[in-house]
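Spelled out, the chains give:
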Amino acid sequence: MKVGVADTTFARVNMGAIAVDELKRHASVAIERSTVPGFKDLPVACKILIEERGCDIVIALGMPGGQEKDKLCAHEASQGLMLAQLMTNHHIIEVFVHEDEARDERELAWLAERRTREHAVNAVNLVLRPDVLTRMAGTGQRQGFEDVGPARQ
Ligand SMILES: Cc1nc2c(=O)[nH]c(=O)nc-2n(C[C@H](O)[C@H](O)[C@H](O)CO)c1C
């Protein structure tokens with residue numbers, strides 16, 4: 001199994017390095033990395049990782065800034081990532097950490113690391129152990145902040 005890691009220089013946390021570190025805990029996984037300037041450059045980077053570099057799944061890591069134009073661009077980048085999935089018939093796990101999700105820089109770094117690591121595990125499970133995800137269906141998982149749990153009846 002080969003996992004692609006696409007990340008950006010715009011991000012304020014080295015999310016790519018964190019993803020690689022987490023993936024290395026899974027011995028059976030090969031890794032291909034591609035770093036681009038910003039999240040709008042991620043869709044084609046992911047497509048190349050899948051079509052030309054043989055990745056079975058890609059983790060797309062980005063950090064939208066706090067301004068309105070960043071949020072608009074994040075929406076566009078997200079649509080590009082969905083299009084790339086449909087064009088390649090492969091999953092691309094979008095891991096975006098919005099700068100204004102966190103109260104301060106310390107929490108931003110913490111959140112980016114935790115969300116990245118949790119989604120790296122999701123990516124491995126999606127390809128190698130889909131039954132693990134099925135067992136977690138409906139359990140209110142969240143990546144980064146605390147899980148919310150299942151809704152009570
Ligand atoms: C406005 C803007 N905001 C962000 C952002 O919040 N996060 C990010 O990763 N990149 C941003 N960019 C840069 C674009 O994604 C892209 O790198 C450039 O437009 C060059 O293609 C732009 C242009």
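First things first, this report covers the structure right here in the doc. On a predicted model such as this, the values are computed, not experimentally measured, just so you know.

## Here we look at the overall build of the chain
- In terms of helices and strands, the chain carries five helices and four strands.
- Sequence-ordered secondary structure for the chain, helices as α and strands as β, is β-α-β-α-β-α-β-α-α.
- For the chain, whose C-alpha radius of gyration is 15 Å, the value lies close to the compact-globule estimate of 15 Å for 153 residues.
- Taken along the three principal axes of its C-alpha coordinates, the chain extends 45 × 35 × 25 Å.
- Taken across its 153 residues, the chain has 44% of its residues classed as buried.
- Put simply, 73% of the contacts in the chain that link residues at least 6 apart link residues at least 24 apart.
- Total accessible area computed for the chain in this model is approximately 8400 Å², and 51% of it derives from carbon and sulfur atoms.

## Observations regarding helix 2 (residues 42-51)
- For helix 2, the full list of buried residues reads L42, P43, A45, C46, L49 and I50. Considered in projection along helix 2, the buried side chains sweep an arc of 165° and stay on one side of the axis.
- Residues of helix 2 that are buried make contact with strand 1 (2-8), strand 2 (30-36), strand 3 (57-62), helix 3 (68-88) and strand 4 (92-96).

## Structural notes on the site of the ligand
- Around the ligand sit F10, P37, G38, F39, K40, D41, M63, P64, G65, D70 and C73, and those are all the residues in its vicinity.
- Contact between the ligand and K40: an oxygen atom at 2.9 Å from a main-chain N or O atom of the residue.
- D70 places a polar side-chain atom, nitrogen or oxygen, 2.7 Å from a nitrogen atom of the ligand.
- A total of 490 Å² of accessible area belongs to the ligand in isolation, and the protein chains cover 71% of it.
- Residues belonging to the shell around the ligand are distributed by class as follows: six nonpolar, two polar and three charged.

Reading guide: rules and limits
Per chain, the residues get numbers from 1 upward, laid out in the order the sequence is written. Note on the predicted model: pLDDT of at least 70 is required for a residue's local features to be given, and 80 or more for side-chain atom pairs to be given and counted; whole-chain, interface and lining totals, by contrast, use all residues. Excluding hydrogens and water, the side-chain figures rest on all heavy atoms present in the structure. Numbering of helices and strands runs from the N terminus; a helix is a DSSP stretch of H or I covering at least four residues, while a strand is a stretch of E covering at least two. Note on method: radius of gyration uses C-alpha positions; expected globular size equals 2.2 Å times residues raised to 0.38. Using a 1.4 Å probe on the protein chains alone, a residue whose accessible area is under 20% of its type maximum counts as buried, one over 50% counts as exposed, and one in between counts as partly exposed. Contacts between residues were defined by any pair of non-hydrogen atoms, one from each residue, lying within 4.5 Å. Residue exposure ignores everything except the shown protein chains as possible cover, and the areas themselves are Shrake-Rupley values with a 1.4 Å probe. The arc in question is formed by the directions pointing from the helix axis toward the C-beta atoms. Throughout this document, a residue counts as near a molecule or strand when at least one of its heavy atoms sits within 4 Å of that molecule or strand. Two N or O atoms count as a polar contact when they lie within 3.5 Å, although within protein this holds only if one can serve as hydrogen donor and the other as acceptor, and sequence-adjacent residues are included solely when both atoms are side-chain atoms. Any residue that is not Ala, Val, Leu, Ile, Met, Phe, Trp, Tyr, Cys, Pro, Asp, Glu, Lys or Arg is counted as polar, Gly included; the first ten are nonpolar and the last four charged.

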